[in-house]
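Report on the structure
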Amino acid sequence: MKTLNTKQHLFHKNMTNPFYFWIFLLFNVPAGFIAGMRLKELSSSKAATTIPFKFLNKNPFQSIYFAVQSMAAELSTASLALLATKGNNSQVLTIIVGMKAEFLKKAIGKVTFLCEEGEKAFEAVEACMKTKTQITTTLKTTGYMKDGTIVSIFYFTWAFKEKK
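Reading guide: rules and limits
Residues numbered from 1 in each chain as written. Predicted model: local features only at pLDDT ≥ 70, side-chain atom pairs only at ≥ 80, totals over all residues. Heavy atoms only, no water. Helix = DSSP H or I, 4+ residues; strand = E, 2+ residues; numbered from the N terminus. Salt bridge = Lys/Arg side-chain N within 4 Å of Asp/Glu carboxyl O. Buried < 20%, exposed > 50% of the residue type's maximum accessible area, 1.4 Å probe, protein only. Pairing = 2+ DSSP bridges. Axes fitted to C-alpha atoms, helices over the stretch in contact; angles between N-to-C directions. Contact = heavy atoms within 4.5 Å. Phe/Tyr/Trp six-rings, centres within 6.5 Å; stacked < 30°, edge-to-face > 60°. Core = buried A, V, L, I, M, F, W, Y, C linked by side-chain atoms within 4.5 Å. Patch = residues over 30% accessible without salt bridge, like charges linked within 9 Å, V, L, I, M, F, W, Y side chains within 5 Å. Areas by Shrake-Rupley, 256 points an atom, 1.4 Å probe, with all protein chains shown as cover.

**Digging into unusual backbone geometry**
- Of note in the backbone geometry, glutamine 62 takes a positive phi value of approximately 60 degrees without being a glycine.
- Note on placement: glutamine 62 falls in the loop between β2 (47-51) and α4 (66-85).

**Quick look at the pattern of salt bridges**
- Summed over the entire model, instances satisfying the criterion amount to three salt bridges.
- A salt bridge links lysine 46 to glutamate 41; its shortest N-O distance comes to 3.5 Å.
- Classification of lysine 46 by relative accessible area gives partly exposed; the value is 27%.
- Its relative accessible area of 30% is what places glutamate 41 among the partly exposed residues.

**What about the sheet that holds β2?**
- Overall, antiparallel pairing links the six strands, which are arranged β1-β2-β4-β5-β6-β3 in an open sheet. Of all strands in the sheet, those bounded by a partner on one side alone are β1 (38-42) and β3 (92-103). Sheet twist, expressed as the average angle between the axes of neighbouring strands with direction ignored, equals 25 degrees.
- α4 contacts β1, β2, β3, β4 (111-115), β5 (135-145) and β6 (150-162) of the sheet and is inclined by roughly 40 degrees relative to β6.
- Helix α5 (residues 118-131) contacts β3, β5 and β6 of the sheet and is inclined by roughly 165 degrees relative to β5.

**Quick notes on the packing of aromatic side chains**
- All chains considered together, the criterion is met by seven aromatic pairs.
- Aromatic ring contacts, followed pair by pair, group Tyr65, Phe66, Phe103, Phe113, Phe154 and Phe156 into a single cluster.

**Points about the pairing of β6**
- β6 sits mainly inside the fold: ten of its 13 residues count as buried.
- Both β3 and β6 contribute to a ladder of eleven bridges, which runs antiparallel. Looking across to β6, one finds that lysine 100 is bridged to tyrosine 155.
- Across ten bridges, β5 lies against β6 in antiparallel orientation. From the neighbouring strand, threonine 142 faces β6, where its bridge partner is isoleucine 153.

**Side note on the nonpolar core**
- Counting residues in each nonpolar core, the largest one holds 40 residues, and the members touching the most others are Met37, Leu42, Ile51, Val111, Phe113, Trp158 and Phe160.
- Examining the composition of this core, we find that ten residues originate from one element, α4, more than from any other.

**Some words on a nonpolar patch on the surface**
- A cluster of nonpolar residues, Phe19, Tyr20, Trp22, Ile23, Leu26, Phe27, Phe33, Ile34, Phe55 and Leu56, forms a patch on the protein surface that exposes about 1100 Å² of accessible area.
- A per-element tally of the nonpolar patch places helix α2 (residues 18-28) first, with six residues.

**A few points about the pairing of β4**
- Only one face of β4 is buried: it carries Val111, Phe113 and Cys115, and the other face, with Thr112 and Leu114, is open.
- Inspection of the sheet shows β2 paired to β4 by five bridges, in the antiparallel sense. By the bridge assignment for β4, isoleucine 51 is matched with valine 111.
- In this sheet, β5 lies alongside β4 in antiparallel orientation, the contact comprising four bridges. Bridge pairing links phenylalanine 113 to glycine 143 in β5.

Structural data, given as structure tokens:
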């Protein structure tokens, strides 16, 4: 596990504090705030987010709408990407340049998305700063229901580029 610098530690502290996380969602991802998205775990190696099954999140097939799943899945990778960019000597910008999803089962309960590829995000940011070029990396996150059933798997391709 990578040791976090001061700004990464502060970002981690704020994102894992429920009050500050709600403020983050309200101003940056208001649809996530309304949907009830939560960040349950964040470290340099992994992140876990949850999304509840509720009236506002469901589709006509009585499962969690795919776009709501996508939003929670993206947060599990985005929190790692953002953590990796904090506190560096230069500012590194992040943007999603690709996404692929597999929907395996109906999401009929609370879903937890777990991304265990934080090292890839940190390596990409380090390579970006070292080479001064845009670096892309794909982070996988898997959505599980409480009973362990895998409902979906997402692959988000992130681009990291130094701000000029």
